[in-house]
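# Report on the structure
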Amino acid sequence: MPPGITTLAAEAPTLSAANTGFMLICSALVMLMTPALAFFYGGMVRVKSTLNMLMMSFISLGIVSVLWVLYGFSLAFGSDVGSVIGWSSDYFGLSGIGVTELWDGYTIPVYVFAVFQLMFAILTPALISGALADRVKFTSWALFLTLWVTVVYFPVAHWVWGAGGWLFDLGVIDFAGGTAVHINAGAAALGVILVIGKRVGFKKDPMRPHSLPLVMLGAGLLWFGWFGFNAGSWLGNDDGVGAVMFVNTQVATGAAMLAWLGYEKIRHGSFTTLGAASGAVAGLVAITPSGGCVSPLGAIAVGAIAGVVCAMAVGLKYKFGYDDSLDVVGVHLVGGVIGSLLVGFFATGGVQSDAKGLFYGGGLDQLGKQAVGVFAVLAYSLVVSAVLAFLLDKTIGMRVSEDDEISGVDQVEHAETAYDFSGAGGGAASRTNSSAPAAPQTKKVDA
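Residues numbered from 1 in each chain as written. Predicted model: local features only at pLDDT ≥ 70, side-chain atom pairs only at ≥ 80, totals over all residues. Heavy atoms only, no water.

Our next topic: the packing of helix α4 (residues 138-161) against helix α6 (residues 178-196). Taken N-terminus to C-terminus, the directions of α4 and α6 make an angle of 145 degrees; their axes are 10 Å apart at the nearest point. Pair α4 / α6 crosses with right-handed handedness. Counting all contacts with α4, which are made through F144, W148, V152, Y153, V156, V160 and W161, the residues of α6 involved are T179, A180, V181, N184, A188 and V192. Residues belonging to the contact of α4 with α6 are distributed by class as follows: 11 nonpolar, two polar and no charged. (Axes fitted to C-alpha atoms, helices over the stretch in contact; angles between N-to-C directions. Helix = DSSP H or I, 4+ residues; strand = E, 2+ residues; numbered from the N terminus. Left-handed = near helix turned anticlockwise from the far one by under 90°. Contact = heavy atoms within 4.5 Å. Nonpolar A, V, L, I, M, F, W, Y, C, P; charged D, E, K, R; others polar.)

What follows is about the environment of L388. As for its placement among the helices and strands, L388 is situated in helix α13 (residues 365-395). Sequence separation between L388 and A17 is 371 residues; the distance between their C-alpha atoms is 43 Å. Dropping the residues within four chain positions of it, L388 is found in contact with F144, L147, W148 and V151.

As a further point, take empty space enclosed by the protein. Throughout the structure, instances matching the rule amount to one cavity of 30 Å³ or more. The wall of the largest cavity is formed by F40, Y41, M44, S278, V281, L326, D327, V331 and H332. Those elements giving two or more residues to the lining of the largest cavity turn out to be α1 (17-44), α9 (273-290) and α12 (328-346). The biggest single contributor to the lining of the largest cavity is α1, with three residues. (1 Å grid on protein atoms, 1.4 Å probe; cavity = no way out; pocket = protein on both sides within 12 Å on 5 of 7 lines; lining within 4 Å. Points joined across faces, edges and corners; volume = space filled by probe spheres on them.)

Its volume calculated, the largest pocket comes out at about 960 Å³. Every residue lining the largest pocket is counted, 34 residues in all, and those nearest its centre are L274, V314, K317, Y318 and D327. For the lining of the largest pocket, the secondary-structure elements that each account for two or more residues are α8 (241-268), α9, α10 (296-313) and α11 (316-320). Residue composition of the lining of the largest pocket, grouped by class: 16 nonpolar, eight polar and 10 charged.

In this fold, Y41 is placed in helix α1. Y41 gets classed as buried once you look at its relative accessible area, which sits at 1%. On a C-alpha basis, the gap between Y41 and S16 in space is 38 Å, while along the polypeptide they are 25 residues apart. In contact with Y41, not counting residues within four places along its chain, are M53, S57, A126, L127, S129, G130, L326, V328 and H332. (Buried < 20%, exposed > 50% of the residue type's maximum accessible area, 1.4 Å probe, protein only.)

Let us look at a nonpolar patch on the surface. Among the surface-exposed residues, V66, L70, V81, W87 and F92 lie close enough to one another that they form a single nonpolar patch of about 450 Å² accessible area. Structurally, W87 can be placed in the loop between β2 (85-86) and α3 (110-128). (Patch = residues over 30% accessible without salt bridge, like charges linked within 9 Å, V, L, I, M, F, W, Y side chains within 5 Å. Areas by Shrake-Rupley, 256 points an atom, 1.4 Å probe, with all protein chains shown as cover. Salt bridge = Lys/Arg side-chain N within 4 Å of Asp/Glu carboxyl O.)

With that out of the way, let us pick up helix α2 (residues 50-77). Residue pairs spaced three or four apart in an α-helix point in one direction, given the helix's 3.6 residues per turn. The end-to-end C-alpha distance of α2, which contains 28 residues, comes to just 36 Å, noticeably less than the 40 Å that a straight helix rising 1.5 Å per residue would cover. Of all the bends in α2, the greatest measures close to 70 degrees and is centred on W68. (Expected span 1.5 Å × (residues − 1). Bend = angle between axes of the 7 residues up to and from the residue.)

When their charged atoms lie close together, side chains carrying opposite charge are able to pair. Scanning the entire structure with this criterion turns up six salt bridges. The salt bridge partner of D134 is R199, with a shortest N-O separation of 3.3 Å. On the criterion of sequence distance, the pair formed by D134 in the loop between α3 and α4 and R199 in the loop between α6 and α7 (212-231) is long-range, its members being 65 residues apart. Across the pair, R199 and D134 agree in class, each one buried. With a closest N to O distance of 2.9 Å, K317 and D327 form a salt bridge. Here K317 is found in helix α11, whereas its partner D327 is found in the loop between α11 and α12, with 10 residues between them in sequence. Beyond isolated ion pairs, a larger network of salt bridges with shared partners links R46, D134, R199 and D323.

Structure follows, in structure tokens:
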């Protein structure tokens, strides 16, 4: 729900069946992104951490759904309190909302807006989990997630999208979550990993993805679901802005994937499937805040820049020594910063609002606003997330033991393994030993 929206109709809006249906479909697409993220992350870890990685995303579907109904929607989108938080008693438990009551200024019911935004709230903390792979207690993660959405995500969502939120009133453009989702999650990931430390074997063991097909499947489903994430954020389909966002999402993602692969070929000599998947996600992240205010050519530029810069950024963890397991900082934090700041250069003033970037005669005004939004969210999320992780680590402990980490968090935390090869034991052994020299044959003597 970006700022700068004006209602042109003189009459009060009425419920639109078309927009309501469209938004319900978009909500379902965004919900799909959390399982897609689980596959994407799950394929990137080693076999012994696969299930834990899947569960760290899936648990968000349960926890955040309940919290959102109880108080999250009210904190994020209730009546403004001091420009930093919301609250409306009618939204507590979603108990005071009429079935056909419309979201203010739009043609969709409040319930539809609430469930659409719920899917954003579910996905955002799940993004953090990729940075913590292989080493976090599941109970501690679930408690951290609960606290984080309460004191970080809900307030930041109000700042950026809530009526009266201070970044909303400032005029920061964030079409679908560059600050509230990606910078927020990326900064949180950095804050937590600085507290909990590195994995056993970081910089020594290869720690390669165990299933690149699973990674590609997750990336493809993320790309698919992202159309609901981005195009749906206009909350309707009446004026063509959502259609522009749909096109920009596609072309920016394609450009980012090509740019990442080009950088990878020049830098490392190969085109990798992991690079293609990561480049696509980097483009999706960068176009999320900017796609409603740039042209398709601008979207290509945004995607290409993000693809190269994010590809460079993922290597910073080896230079600076922080263990961002699955490149959440390099892709989501850096990609979110790039996409948000590039609004200040590429905004045309002719799509979602009349705000223009530097390249379209708007000067530095919008760039300054974007920078305030970027660094305010980054700093708040980084500091508060680190404090939460520190408190949990000093009380119930955030990490599994070193022995448990080495043996694998799947078995320790979930009493399961991702793949069961027991049924293939005999055959596997036979095939493994088939190339070995045959043992000398001796004639069996009956006793």
